[in-house]
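Understanding the architecture of this molecule
Below are the chains, spelled out letter by letter.
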Amino acid sequence: MGFETTVVISIFFVSILVLGTNSYAVMSNSNDVINDAENIRYEMQYTKLNSAISLDSMTLDNENSTLVVEVTNCGNIVLDSDEISILVDGHLLNYDYYPETAKWYPGEKKTFAVEEISNPGYKRVKIITDSGVSGYLSGVPDKIKD
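What you see is a predicted model, and the numbers here were worked out from it, not measured in a lab. Residue indices follow the written sequence of each chain, beginning from 1 at its first position. Residue-level local features of this predicted model are given only where pLDDT is at least 70; pairs of side-chain atoms are given and counted only at 80 or more, and the full residue set underlies all totals for whole chains, interfaces and linings. Only hydrogens and water are set aside; all other atoms, that is, all heavy atoms of the structure, feed into the side-chain values.

Thoughts on the overall build of the protein
Here is the rule: Under the scheme used here, helices are H or I runs from DSSP no shorter than 4 residues and strands are E runs no shorter than 2 residues, and both carry numbers assigned from the N terminus. Only protein chains enter the calculation, and the probe is 1.4 Å; a residue is then buried if its accessible area is under 20% of its type maximum, exposed if over 50%, and partly exposed in between. Note on contacts: a residue pair is in contact if any heavy atoms of the two residues lie within 4.5 Å. Areas reported as accessible are Shrake-Rupley estimates using a 1.4 Å probe. Residue values count occlusion only from the protein chains shown. In summary, the charge assignment counts Lys and Arg as positive and Asp and Glu as negative, without counting His or the chain termini. Taken as the charge centre is NZ of Lys, CZ of Arg, CG of Asp or CD of Glu, depending on the residue.
A count of helices and strands for the protein gives 1 helix and 11 strands. Counting from the amino terminus, the protein carries its helices and strands in the arrangement α-β-β-β-β-β-β-β-β-β-β-β. For the C-alpha atoms alone, the extent of the protein along its principal axes is close to 105 × 30 × 25 Å. The buried share of the protein, reckoned over its 146 residues, is 27%. Long-range contacts, defined as pairs at least 24 residues apart, comprise 57% of the intrachain contacts of the protein with a sequence gap of at least 6. Carbon and sulfur atoms make up 58% of the accessible area of the protein, which totals about 9800 Å². When the 10 basic and 21 acidic side-chain charges of the protein are each reduced to a single mean position, those positions are 9 Å apart.

Points about the packing of aromatic side chains
Using the following cut-off: Between rings of Phe, Tyr and Trp, where Trp is taken as its six-membered ring, a pair exists when centres lie within 6.5 Å; planes separated by under 30 degrees are stacked, by over 60 edge-to-face, and by other angles tilted.
Taken as a whole, this structure holds 4 aromatic pairs when the rule is applied. Ring centres of Y97 and F112 lie 6.3 Å apart, and the angle between their planes is 55 degrees; on these two criteria the pair is classed as tilted. You can see Y97 sitting in strand β6 (residues 95-98) and its partner F112 sitting in strand β8 (residues 109-115), a full 15 residues away along the chain. Grouping aromatic residues by their ring pairs yields a cluster made of Y95, Y97, W104 and F112.

Points about the sheet that holds strand β4 (residues 85-88)
Backbone hydrogen bonds are what pair the strands of a sheet, in a parallel or an antiparallel way. So the rule is basically this: Strands are labelled as partners when DSSP assigns at least two bridges between them. Where helices are involved, their axes are fitted lines through C-alpha atoms of the stretch in contact, as for all axes, and angles between N-to-C directions lie from 0 to 180°.
Here 4 strands make up an open sheet; going across it, the order is β5-β4-β9-β10 and the pairing antiparallel. Each edge of the sheet is formed by a strand with only one pairing partner; in this case those strands are β5 (91-93) and β10 (134-139). Averaged over all pairs of adjacent strands, the angle between their axes in this sheet comes to 25 degrees, without regard to strand direction. By the bridge criterion, 6 bridges tie strand β9 (residues 123-128) to β10 in an arrangement that is antiparallel. Following the sheet pairing, I128 is matched in β10 by S134.

A short note on the side chain of K110
Rules: Every case where a carboxyl oxygen of Asp or Glu lies within 4 Å of a side-chain nitrogen of Lys or Arg is listed as a salt bridge. In the analysis that follows, any N or O atom pair within 3.5 Å is treated as a polar contact, provided that within protein one partner can donate a hydrogen and the other can accept it, and provided that, for residues neighboring in sequence, both atoms belong to side chains.
Mapping K110 onto the fold places it in strand β8. Buried K110, no salt bridge; nearest opposite-charge side chain is E108, N-O distance 4.3 Å. Here the side chain of K110 touches S81 through a polar contact of 3.3 Å, side chain to side chain. In terms of polar contacts, K110 uses its side chain to reach the backbone carbonyl oxygen of T101, at 2.7 Å. If we ignore the near neighbours within four places in the chain, the residues touching K110 are V69, E70, V71, S81, Y97, Y98, P99, T101, K103 and W104.

A few points about a nonpolar patch on the surface
Condition: Think of a patch as exposed residues, more than 30% relative accessible area, with no salt bridge, where like charges cluster within 9 Å and nonpolar side chains (Val, Leu, Ile, Met, Phe, Trp, Tyr) cluster within 5 Å.
Taken together, F13, V14, L17 and V18 make up a surface patch of nonpolar side chains, about 390 Å² in accessible area. Along the polypeptide, F13 turns up in helix α1 (residues 3-49).

Just geometry here; none of it tells us what the structure is for.
Below, the structure written as structure tokens:
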């Protein structure tokens, strides 16, 4: 073997070594990203499968135009009271909740007070949790007794 052949073989060997190292690093990083995404997906599925809410009742306070909805956490997961979405007749509305604890434990009832802007009568209320589980209640709300 001549000197030129040795140099060419050495260059090929070094370039294959560099390409192999870079390929392994890229494949390892992408595999880590995929594994992390799968873990997050499984956590989300577990949370959704173990979450449930039940809308118990709704009442309307005509004095201050507030719709009051009682909801029970029927699942096994602690929910976040700040991450709830409430739709009344298809409109996303702001709400207050009582008791004022951010964590909503299984079996606990919460009372959500929604500032009602539409006329009294037939209402459709949908509450959606942060995990995507929802509950639905429709009908004419009871009047709050003085």
